Amino acid sequence: MFATPPSDKLPPVPEDRGIPSEVWSLIDHPSDRGRSGCGPGWSDLIVTTHRRLLEIDPTYSPGGVRQKLGWLDFQLNPGPDTDQATIERLWAVQAEVREASKHICESCGGEGRIYEPPERGAGRTRCDACESCER
Ligand SMILES: [Zn+2]
């Protein structure tokens, strides 16, 4: 048998992703280790969201982040003893962040908008510069 790394340890942040390690540690996709669920342009938004959620519920944990139809899907797990009113406040932040991400370029963090299909297959949020150079 080969020695396996501890399961709670994420691989190092790939340098080309440009994602701060603080954000990287939030991302936990057991079936997809080593890959981020979204681009580096949303790093600040993710860090801010995480801090806001912790203020509301210190026992909350992030369930992972990913890009979904062009916006940021910040998955979260309320603490085991968190009451319903607090859970609803967590959801409100989650919804607010989803809307905010629709105006932030997922690649560079600049002012973006959702580019709609059909030419790219699925919506994604980009600024004009990133959209034209990634095209
Ligand atoms: Zn951009």
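### What about the environment of Glu-111?
Here Glu-111 lies in the loop between helix H3 (84–101) and strand S3 (113–115). Accessibility expressed as a C-beta count within 10 Å gives 10 for Glu-111, which makes it exposed. In sequence terms Glu-111 and Thr-125 are 14 residues apart; their C-alpha atoms lie 9.3 Å from each other. Filtering out sequence-adjacent residues up to four positions away, Glu-111 remains in contact with His-103, Cys-105 and Cys-127.

### What to know about the confidence of the model for the protein chain
On average, residues of the protein chain score 78 in pLDDT, and 68% of them reach the 70 mark or higher. Under a pLDDT of 50 for its full length, residues 1–10 has, in the predicted model, 2 contacts with residues more than four places off or in other chains. Contacts from residues 28–35, a stretch scored under 50 in pLDDT, to residues over four places away or in other chains number 5 contacts.

### Considerations on the nonpolar core
Generally speaking, a soluble globular protein has its nonpolar side chains buried in company with each other. Core analysis: the biggest nonpolar cluster contains 12 residues, these being Cys-38, Trp-42, Leu-45, Ile-46, Val-65, Trp-71, Leu-72, Phe-74, Val-97, Ile-104, Cys-105 and Cys-130. Secondary-structure elements contributing two or more residues to this core are helix H2 (43–56) and strand S2 (71–77). Among the elements that take part in this core, S2 stands out by supplying 3 residues, more than any other. Dropping the residues within four chain positions of it, Ile-104 is found in contact with Gly-41, Trp-42, Leu-45, Gly-109, Gly-112 and Thr-125.

The rules we used
- Each chain carries its own residue numbering, running from 1 in the written order of its sequence.
- Where local features are concerned, this predicted model is filtered to residues with pLDDT of at least 70; where side-chain atom pairs are given and counted, the filter is 80 or more; whole-chain, interface and lining totals use all residues.
- Counting from the N terminus, the helices are DSSP H or I runs at least four residues long and the strands are E runs at least two residues long.
- With C-beta atoms placed from the backbone, a residue is labelled by how many other C-beta atoms lie within 10 Å of its own: buried for 20 or more, exposed for 12 or fewer, partly exposed between the two.
- By the convention adopted here, residues make contact when the C-beta atoms placed from their backbones lie within 7 Å.
- For every residue, the predictor assigns a confidence score, pLDDT, that lies between 0 and 100.
- Remark: nonpolar core denotes a set of buried Ala, Val, Leu, Ile, Met, Phe, Trp, Tyr and Cys residues whose joining runs through C-beta atoms within 7 Å.

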